[in-house]
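Each chain is listed here by its residues.
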Amino acid sequence: MWLTVLNWNKSNTPPLSDKELRNTFNSITSSERRKHTEEEDAPVVKISDAVKKLAQDISVKMATGFDLLDSVTKGGFVDGDLILIVGQTGEGKTTFAQTLTYNLLKNQIHTAWFSFEVILTELWEKFKDMGLEDGVEIYTPERYVSRKLQWIKRKIIEARDVHKCKVVCIDHLGFLVSEYDGGAVHGMNANLATVYGM
């Protein structure tokens, strides 16, 4: 969150001083931490029992269908994972994501797609070439009315709640960087992975 706050502060006129920003940030986080501490409670138990309880709470693994990837990730992805597929233009990032989508479908895992680079017709033709037919559980907005992150967030929530999508593919995040809600990211002193993460 600190990187987000720093970026937000750059858009202020005038920006808060580093000291004032840090003090405000620390005050808010301390207050939130106290709130959550007061709201939530957990008994002190043996560590072996705590681990058993956590093991029950861990999300079910989503096998990717790629043996090596599943081996490295100890069974696949879990709910909440953020996966960035990175590579040069034409190296197969979209094809890899489509193959991943295809593999997840075998386990009835629905996917929502936001394709800002490849037009939907091309994307669907590629899926059909893989053997998929009309009615398959891959979703996308009927048309892209915005690249604003708030709109995309609403569509992701809709895909999750209405169509039970557990995976979202955004092709690609580079098209959304300028829409980052925390303010302009241009000239920001951070690498692209940090910007994409935000």
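Residues numbered from 1 in each chain as written. Predicted model: local features only at pLDDT ≥ 70, side-chain atom pairs only at ≥ 80, totals over all residues. Heavy atoms only, no water.

1. Comments concerning the confidence of the model for the chain
Moving on, step 1. Counting all residues, the mean pLDDT for the chain is 81, and 81% of those residues have values of 70 or more.
Moving on, step 2. Of all helices and strands in the chain, the one with the weakest mean pLDDT is helix α8 (residues 192-197) (59), whereas strand β2 (residues 138-139) scores best (95). (pLDDT = per-residue confidence, 0-100. Helix = DSSP H or I, 4+ residues; strand = E, 2+ residues; numbered from the N terminus.)

2. Comments concerning the layout of surface pockets
Moving on, step 1. A volume near 230 Å³ is recorded for the second largest pocket.
Moving on, step 2. Along the walls of the second largest pocket sit 13 residues, with Thr140, Pro141, Glu142, Lys155 and Glu158 positioned nearest its centre.
Moving on, step 3. Listed by contribution, the elements that provide at least two residues to the lining of the second largest pocket are β1 (110-115) and α7 (149-163).
Moving on, step 4. It is α7 that contributes the most residues to the lining of the second largest pocket, 5 residues altogether.
Moving on, step 5. Taken together, the residues of the lining of the second largest pocket sort by class into 7 nonpolar, 2 polar and 4 charged. (1 Å grid on protein atoms, 1.4 Å probe; cavity = no way out; pocket = protein on both sides within 12 Å on 5 of 7 lines; lining within 4 Å. Points joined across faces, edges and corners; volume = space filled by probe spheres on them. Nonpolar A, V, L, I, M, F, W, Y, C, P; charged D, E, K, R; others polar.)

3. What about the sheet that holds β2?
Moving on, step 1. Pairing is parallel in the open sheet, where 3 strands are placed in the order β2-β1-β3. Each edge of the open sheet carries a strand with a single partner, namely β2 and β3 (165-171).
Moving on, step 2. Pairing between β1 and β3: 6 bridges, direction parallel. Residue pairing for β3: tryptophan 113 is matched across the bridge by cysteine 169.
Moving on, step 3. Strands β1, β2 and β3 of the sheet are contacted by helix α5 (residues 93-105), whose axis makes an angle of about 160° with β1.
Moving on, step 4. Contacts between α7 and the sheet are confined to β1, β2 and β3, with β1 contributing the most and set at about 160° to the helix. (Pairing = 2+ DSSP bridges. Contact = heavy atoms within 4.5 Å. Axes fitted to C-alpha atoms, helices over the stretch in contact; angles between N-to-C directions.)

4. Some remarks on α5
Moving on, step 1. Its 13 residues give α5 an end-to-end C-alpha distance of 18 Å, which sits within 8% of 18 Å, the value for a rise of 1.5 Å per residue.
Moving on, step 2. Within the sequence span of α5, burial applies to Thr94, Ala97, Gln98, Leu100, Thr101, Asn103, Leu104 and Leu105.
Moving on, step 3. Those residues of α5 hidden inside the fold are in contact with β1, α6 (120-129), β2 and β3. (Expected span 1.5 Å × (residues − 1). Buried < 20%, exposed > 50% of the residue type's maximum accessible area, 1.4 Å probe, protein only.)

5. Comments concerning unusual backbone geometry
A negative phi holds for most residues other than glycine; trans holds for most peptide bonds.
Moving on, step 1. Even without a glycine there, the phi angle at glutamine 108 is positive, about 60°.
Moving on, step 2. Non-glycine residue lysine 164 carries a positive phi angle of around 60°.
Moving on, step 3. Within the element layout of this structure, lysine 164 appears in the loop between α7 and β3.

6. Quick look at the packing of α5 against α6
Moving on, step 1. Running from N to C, α5 and α6 cross one another at 55°; their axes reach a closest spacing of 11 Å. Between α5 and α6, the angle falls in the class oblique. Handedness of the α5/α6 crossing: right-handed. Contact residues: α5 offers Thr94, Thr95, Gln98 and Thr101, while α6 offers Leu123, Lys126 and Phe127. (Parallel < 35°, antiparallel > 145°, perpendicular 65-115°, else oblique. Left-handed = near helix turned anticlockwise from the far one by under 90°.)

7. Side note on the pattern of salt bridges
Moving on, step 1. Counted by the stated rule, this structure contains 4 salt bridges.
Moving on, step 2. Note that lysine 166 is salt-bridged to aspartate 79, the shortest N-O span being 3.3 Å. Taken together, the residues span a long stretch of sequence, with lysine 166 in strand β3 and aspartate 79 in the loop between α4 (67-72) and α5 at a distance of 87 residues.
Moving on, step 3. Look at lysine 166 and you get partly exposed, because its relative accessible area is 46%.
Moving on, step 4. Here lysine 128 makes a salt bridge to glutamate 125, at a shortest N to O gap of 3.3 Å. (Salt bridge = Lys/Arg side-chain N within 4 Å of Asp/Glu carboxyl O.)

8. What to know about the environment of alanine 97
Moving on, step 1. Looking at the element boundaries, alanine 97 is found in helix α5.
Moving on, step 2. Exposure remark for alanine 97: the relative accessible area of 8% places this residue in the buried category.
Moving on, step 3. Spatially, the C-alpha atom of alanine 97 lies 9.5 Å from that of isoleucine 170, the residues being 73 residues apart in sequence.
Moving on, step 4. Setting aside its immediate chain neighbours within four residues, alanine 97 contacts Ile85, Trp113 and Cys169.

9. Notes on the side chain of threonine 101
Moving on, step 1. By the element assignment, threonine 101 lies in helix α5.
Moving on, step 2. Once you skip the residues sitting within four places of it in the chain, threonine 101 turns out to touch Thr111, Trp113, Phe127, Ile138 and Cys169.

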